[in-house]
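Chains, contacts and geometry: an overview
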Amino acid sequence: MITIRGAVLERIGASRPYSASRPLAVTEVELAPPGAGELLVRVEAAGVCHSDLSVVDGNRVRPVPMLLGHEAAGIVEAVGADVTGVRPGQRVVLTFLPRCGNCPACATDGMAPCQPGSAANGAGTLLDGGIRLHRAGQTVYHHLGVSGFATHAVVSAASAVPVPDDVPPTVAALLGCAVLTGGGAVLNVGRPAPGDTVAVVGLGGVGMAAVLTALAHDEVRVIAIDRLADKLSAATALGAHATYTPQQAVDEGVRAPVVIEAAGHPAALQTAIDVTAPGGRTITVGLPPPDARISLSPLALVAEGRSLIGSYLGSAVPARDIPRFVELWRSGRLPVERLVSSTVPLEQINEAMDQLADGTAVRQIITF
Ligand SMILES: [Zn+2]
Ligand SMILES: [Zn+2]
């Protein structure tokens, strides 16, 4: 048992601003040693992502208290029994959906999310159902098998992918959620061909990662769409060929064969559908509230031969896809570090959640 420092969500649905209501408390937590098939990781960097905010604001209902953080990377300090393929001293990317490797969903090569992994995530446990976090004898739940807003984490080896030492911690952390989700949607589902246009609706960390990954393709034109002018300027700086507000995109008749929705809002999905060209694919990766609904013209789907595809974790197989992203990063075609808008200490996690909710930051990174 070691004592770690982590950001624990004490209650759901606190009022804004979080800098005043402080739903997250940075406290000491007891961390049990890794069990069979598990790793102890010293966390180096963790990104603040919308899926953390969705637990804070109650859009994704999870048990509390929960140690948040699901986009993280660190150094393996110890391994439990039966761990192969990763050893102490290696840097690992932590991914937010463990893959059991044995269920029917895992047999789809990433197209469907692992069933036991999803069940464990919903219950706030590690893949085998265990809980390694406690505080004064009380259970503290795991967030998406990672709980990366902490100095250390115990995770299932199925939640970790080793990366070479030359991948910096910040880049490695972003590979685990933003890049795997947004970039995976481009590589695994969008699959743009030379001459195609990719439109991305919603320019948070995941959307910007989709923009960067699309830009890494030769002869692909990239359109970025967001309500906020600052986000559009940031996309232009990354190299997007054109930017629009949702209203402008619809008014000006923008259409693209590959459209990725990464805002997690039904209005954004509506925009994404509206700008999808005949024969095109609308790919949605955002996570709206569970009661969100959209209206859809079935006739447009049929008469224009279009498809609407949901993609969780970028339909990625992390052990297959993270090395692809590392290669793209190393070649200079995927400058992942440009997604980082600021680095913040763990103590400012509530303020970071405010920034995220305001849409004023692409990716804030907590470093340890
Ligand atoms: Zn995330
Ligand atoms: Zn599985």
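These numbers were taken from a predicted model, which means no experiment stands behind them.

Right, let's talk about the side chain of threonine 181 for a bit. Structurally, threonine 181 is set in helix α4 (residues 169–190). In contact with threonine 181, not counting residues within four places along its chain, are Phe96, Val206, Val285, Leu313 and Gly314.

Take the UniProt feature "domain: Enoyl reductase (ER)" (unreviewed entry) in the protein next. In the UniProt entry, the feature "domain: Enoyl reductase (ER)" (unreviewed entry) is given for residues 19–366. A helix fraction of 30% and a strand fraction of 26% characterise residues 19–366, whose end C-alpha atoms lie 16 Å from each other.

This part covers the sheet that holds strand β9 (residues 141–142). Across the sheet, 6 strands lie side by side as β8-β7-β2-β1-β4-β9; this open sheet has mixed pairing. A single partner strand is all that each edge strand has here, and the edge strands are β8 (138–139) and β9. Note: strand β2 (residues 24–31) against strand β7 (residues 133–135), 2 bridges, orientation antiparallel. Along β7, the bridge assignment pairs leucine 31 with leucine 133.

This paragraph deals with the pairing of strand β1 (residues 2–9). For a regular strand, the rule is simple: side chains alternate between the two faces of the sheet. Pairing of β1 with β2 involves 8 bridges; the strand directions are antiparallel. Across the sheet, glycine 6 pairs through a bridge with threonine 27, a residue of β2. Relative to strand β4 (residues 66–67), β1 is paired through 2 bridges, and the arrangement is antiparallel. Note on β4: the bridge partner recorded for leucine 9 is methionine 66.

Before going further, it helps to spend a moment on the sheet that holds strand β14 (residues 242–244). Strand order across the open sheet formed by 6 strands is β14-β13-β12-β15-β16-β17, with parallel pairing between neighbours. What marks the edges here is a single partner per strand, and that holds for β14 and β17 (307–310). Taking the axes of each pair of neighbouring strands and ignoring which way they run, one obtains an average angle of 20 degrees across the sheet. Summarising the sheet, strand β13 (residues 221–225) and β14 pair through 3 bridges and their orientation is parallel. Its bridge partner lying in β14, alanine 224 is registered against threonine 243. The sheet strands contacting α4 are β15 (256–261), β16 (276–284) and β17, and the helix crosses β16 at an angle near 135 degrees.

For the zinc ion (ligand 2), every protein donor is listed as Cys100 (SG), Cys103 (SG), Cys106 (SG) and Cys114 (SG), and the spread of their distances is 2.3 to 2.4 Å. In this structure, the zinc ion (ligand 2) is coordinated by 4 donor atoms arranged in tetrahedral fashion, with angles at the metal of 103 to 119 degrees. All donor residues of the zinc ion (ligand 2) come from one chain, and their arrangement in sequence is C-x2-C-x2-C-x7-C. Residue class for cysteine 100 comes out partly exposed when judged on its relative accessible area of 23%. What makes cysteine 106 buried here is its relative accessible area of 5%.

Moving on, we get to the packing of aromatic side chains. A full pass over the atoms with the stated rule returns 1 aromatic pair. Residues phenylalanine 96 and tyrosine 312 carry aromatic rings whose centres are separated by 5.6 Å and whose planes lie at 85 degrees to one another, so their mutual orientation is edge-to-face. With phenylalanine 96 in the loop between β6 (91–94) and α3 (115–123) and tyrosine 312 in the loop between β17 and α10 (318–330), the pair connects residues that are 216 residues apart, well separated along the chain. Of the residues examined, phenylalanine 96 reaches a relative accessible area of 6% and is grouped as buried.

Let's shift gears to the packing of helix α5 (residues 205–215) against helix α6 (residues 229–238). Each pair of packed helices can be summarised by the angle the axes make with each other and by the distance between the axes. Viewed as axis vectors pointing N to C, α5 and α6 meet at an angle of 25 degrees, and their least axial separation amounts to 10 Å. By the criterion of interaxial angle, the relationship of α5 to α6 is roughly parallel. You can see that α5 and α6 cross each other, and the crossing is right-handed. Counting all contacts with α5, which are made through Met208, Leu212 and Leu215, the residues of α6 involved are Lys231, Ala234, Ala235 and Leu238. Here the residues of the contact of α5 with α6 are counted per class, giving 6 nonpolar, no polar and 1 charged.

Here is what the cut-offs are and how they apply
Residues numbered from 1 in each chain as written. Chains lettered and ligands numbered in written order. Predicted model: local features only at pLDDT ≥ 70, side-chain atom pairs only at ≥ 80, totals over all residues. Heavy atoms only, no water. Helix = DSSP H or I, 4+ residues; strand = E, 2+ residues; numbered from the N terminus. Contact = heavy atoms within 4.5 Å. UniProt positions renumbered as here; feature names shortened; annotations may be inferred. Pairing = 2+ DSSP bridges. Axes fitted to C-alpha atoms, helices over the stretch in contact; angles between N-to-C directions. Donors = N, O, S within 2.8 Å, 3.2 Å for Na, K, Ca; no water. Tetrahedral: all angles 85-135°; square planar, octahedral: opposite > 155°, others 65-115°. Buried < 20%, exposed > 50% of the residue type's maximum accessible area, 1.4 Å probe, protein only. Phe/Tyr/Trp six-rings, centres within 6.5 Å; stacked < 30°, edge-to-face > 60°. Parallel < 35°, antiparallel > 145°, perpendicular 65-115°, else oblique. Left-handed = near helix turned anticlockwise from the far one by under 90°. Nonpolar A, V, L, I, M, F, W, Y, C, P; charged D, E, K, R; others polar.

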